[in-house]
Amino acid sequence: MKKLADQITDKVCMAFEAAGYDPALGRCTPSNRPDLCQYQCNGAMAAAKVYHMAPFLIAQAVVEQLAGEEMFSKAEAVRPGFINLDVAPAYLAQWMEAVGADPRRGSDPDSQPKTIVLDYGGPNVAKPLHVGHLRSAIIGEAIKRIARFKGHTVIGDVHLGDWGLQIGQIITELKHRQPDLPYFDPAVTEGFPEEPPFTISDLEEIYPCASKKSKEDEAYKAEAQEATAQLQEGHPGYRALWRHIINVSVSDLKRNYEKLNVTFDLWKGESDCQPYIPPMVEKMKADGYAYLSDGALVVDVAEEDDAREVPPCLILKSDGAAQYETTDLATIIQREEDYHPDRIIYVVDKRQELHFVRVFRCAYKTGLVDKDKCSLEFVGFGTMNGKDGKPFKTREGGVLRLEYLLRDVSDAVYEKSKTNGSDLSEAELRQIADQVGLAAIKYGDLSNQPSKDYIFDLNRFIAFEGNTGPYIMYTMVRIKSILKRFQEASPQAELGRILPPEGQKETDLYLTLARFSDAIDDAYEQNAPNRLCRYIYDLSNCLNQFYAERNILKEPDPEKQASYVSLIRLVLKVLELAVDLLGFQAPERM
Ligand code: ARG
């Protein structure tokens, strides 16, 4: 069904036309002055320039055409030339009925579905997921779900870091520790053991140890670089070890992402694009884009009006090694071949912005993608900081593993419900704490504009009041409990018709419900799940204010009561849909 703003727009466009003006001027939006009106149209201001007339006169002529229109309880022209509109209560009620019957709650899919490759997560094998990976996973997952809800085909790719020096370092360390393993025997080229020679905990110990040695010891570093090069050239034993490293890491990563309610369609990595690199490099050279500069192969990507220096895109280092840019460029070719995407969106730390600026420019310039057919987009996110304003660390100053963060937040929610006194069983409390804890973390993150840094403040995130995940959960659980009590008291009751709103609080609730589709569109178009968070916070506030004013369960008028029940049921449905798009869920009780 068409969203309310568009239905209003249609009417106002017709009025513009009837008054003799271009109908396209009739676009209406929710008002940014809700104290003055509910919806507004600024078209007469634009018309004034085209028709060389006072905007107020045009607005008046349009408003005349709207007289008697049952959609509006108010349509007025105000100086200098705005059109202020209020929707008639009866129309709003009718509209709510329609939203109640529509599983999409009034938000239509886009008429032109796109294919989107979403590059998010970006973990590196052999390294545990830590809080630095949190934002990409959370924001990416929400962007994916919102875009899918809008009807687009979204392919989420985790894009593993599985090909760099860290693998060479692990191989080197293993070789020092267990030189007798068949992987290191030059005589053995096949038939390697199925079982990996390490567990994930081994890897988590081996990798930092190897990385430290590599920093401190030149000879060790050279050995690790050599191992990396051999791996990349196809050394059979190293390849076999590398596959073990990936398998062991990926199952651990999957387990962790599952806890975050994050899933990927593709588990591809930097290694997958390797076959695409040599022909890409050849073509860039042949086309005259890539040239040698101090031994390295580069493509110039600076533009005249760059405010800061944009260095050339480094394609191959002087020793011939592929770079981070190289793999990202070759991956674009691969994605083009596999999916012909209309958009490729990267959800990556904003400190990598310059990398992506160079990669995107290089991809467009060298013709890897056609700018008109595929847009390359960077959604750079800020850092999650601790209360000291510095990147979030453990008390000991190390990086916090994601698992531990989830556990700590869940524990805190659990302790809080315990102290508040609860009749729920231990197991239920634990399960609820996991759900509410996840909502606290995800909402705490998503409610910020992605590009902004934010402070992770445990107590604030788990508070039941204010703009928090638990507040939204609490609102939803509250509705569930009222619905349950109503059902118990009147098991026979039919779902009631939604009546026209009475009074400001009720009208606000209806209008906010009607804005769901606007919030979805905003969140989708701007890659900004924070818009949807803002919306569910507004909706929860409206619901709680409405509830404070009306005693639903004690309402004497059965028709009104039935209408209230249908209304809050609808609010619950919208909240459930929205939090699912944000990647979490409300418990039954709390
Ligand atoms: N693995 C990278 C890192 O840890 C992030 C990958 C982001 N995606 C990409 N296509 N470059 O920094």
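In the block above lies the structure referred to throughout.
The following refers to the structure shown. (Residues numbered from 1 in each chain as written. Predicted model: local features only at pLDDT ≥ 70, side-chain atom pairs only at ≥ 80, totals over all residues. Heavy atoms only, no water.)

## Regarding the pairing of strand E11 (residues 375-381)
In summary, the side chains of a regular strand alternate between the two faces of the sheet. Our working definition: Only protein chains enter the accessibility calculation, which uses a 1.4 Å probe. A residue is then buried if its area is under 20% of the maximum for its type, exposed if over 50%, and partly exposed in between. Elements are defined by DSSP. Helices are runs of H or I of four residues or more, strands are runs of E of two residues or more, and each kind is numbered from the N terminus. The pairing criterion for strands is at least two bridges between them, as found by DSSP. If you view a crossover with the strands going away from you and the path from the first strand over the helix to the second runs clockwise, you call it right-handed.
Most of E11 is tucked away, with 5 of its 7 residues classed as buried. As judged from the 7 bridges shared by strand E10 (residues 343-349) and E11, these two strands associate in the parallel manner. Residue pairing across strands places Tyr346 opposite Phe378, the latter belonging to E11. Tracing the backbone out of E10, into helix H12 (residues 353-365) and back to the parallel element E11 gives a crossover that is right-handed.

## What to know about the pattern of salt bridges
Opposite charge on two side chains makes pairing possible when the charged atoms of those side chains draw close. Formally: Here, a salt bridge means any Lys or Arg side-chain nitrogen found within 4 Å of an Asp or Glu carboxyl oxygen.
Tallying each qualifying case throughout the model produces 46 salt bridges. When the shortest N-O distance is used, the salt bridge between Asp445 and Arg135 registers 3.0 Å. Here Arg135 lies in helix H5 (residues 134-149) and Asp445 lies in helix H14 (residues 426-446), a separation of 310 residues in the sequence. Of the charged contacts in the structure, one is a salt bridge between Arg531 and Asp522, with a shortest N-O distance of 3.3 Å. What you see here is one network of salt bridges that share partners, running through Glu204, Asp252, Arg255, Lys259, Arg401 and Glu403.

## Some details on the sheet that holds strand E8 (residues 296-299)
For clarity, the threshold we go by: Angles run from 0 to 180 degrees between N-to-C directions of axes, and those axes are lines fitted to C-alpha atoms, restricted for helices to the stretch in contact.
Pairing is antiparallel in the open sheet, where 3 strands are placed in the order E7-E8-E9. Lying at the two open borders of the sheet, with one neighbouring strand each, are strand E7 (290-293) and strand E9 (313-316). Adjacent strand axes in the sheet meet at a mean angle of 45°, parallel and antiparallel pairs treated alike. Here 4 bridges tie E7 to E8, and the two strands are oriented antiparallel to one another.

## Looking at the nonpolar core
Where we set the bar: Buried residues of nine kinds, namely Ala, Val, Leu, Ile, Met, Phe, Trp, Tyr and Cys, make up a nonpolar core once their side-chain atoms join them within 4.5 Å. The criterion used for residue contact is that any of the two residues' heavy atoms lie within 4.5 Å.
Judged by nonpolar contacts, the single largest core of 153 residues is most densely connected at Ile8, Val12, Leu405 and Leu532. It is helix H20 (residues 558-582) that contributes the most residues to this core, 14 residues altogether. Once residues within four sequence positions are removed from consideration, Val12 is found in contact with Gly26, Cys28, Cys41, Val62, Leu66, Phe72 and Leu85. Formed by 33 residues, the second largest nonpolar core is a distinct cluster that contains Val117, Val281, Val301 and Val359.

## Some details on the site of the ligand
Condition: One heavy atom suffices: a residue is near a molecule or strand as soon as one of its heavy atoms comes within 4 Å of it. N or O atoms within 3.5 Å of each other form a polar contact, as long as, within protein, one can give a hydrogen and the other can take it, and as long as residues adjacent in sequence are counted only when both atoms are side-chain atoms.
What surrounds the ligand is the set Asp119, Gly122, Asn124, His159, Tyr324, Asp328, Tyr346, Val348, Gln352 and Phe356. The separation between a nitrogen atom of the ligand and a polar side-chain atom of Asp119 is 2.9 Å. Between Tyr324 and the ligand, the recorded distance is 2.7 Å, taken from a side-chain N or O atom to a nitrogen atom. The set of elements that each furnish at least two residues to the shell around the ligand consists of helix H11 (324-339) and E10.

## Considering the sheet that holds E10
What the 4 strands build is an open sheet, ordered E6-E5-E10-E11; its pairing is parallel. For this open sheet the edge positions go to strand E6 (153-157) and E11, each flanked by a neighbour on one side alone. Put simply, the sheet's adjacent strands are angled 20° from each other on average, direction ignored. Relative to E10, strand E5 (residues 115-119) is paired through 4 bridges, and the arrangement is parallel. Paired with Asp119 across the two strands is Tyr346, which belongs to E10. Contacting E5, E6, E10 and E11, H11 crosses the sheet at an angle of about 145° to E10.

The quantities given are spatial measurements derived from coordinates; they are silent on function.
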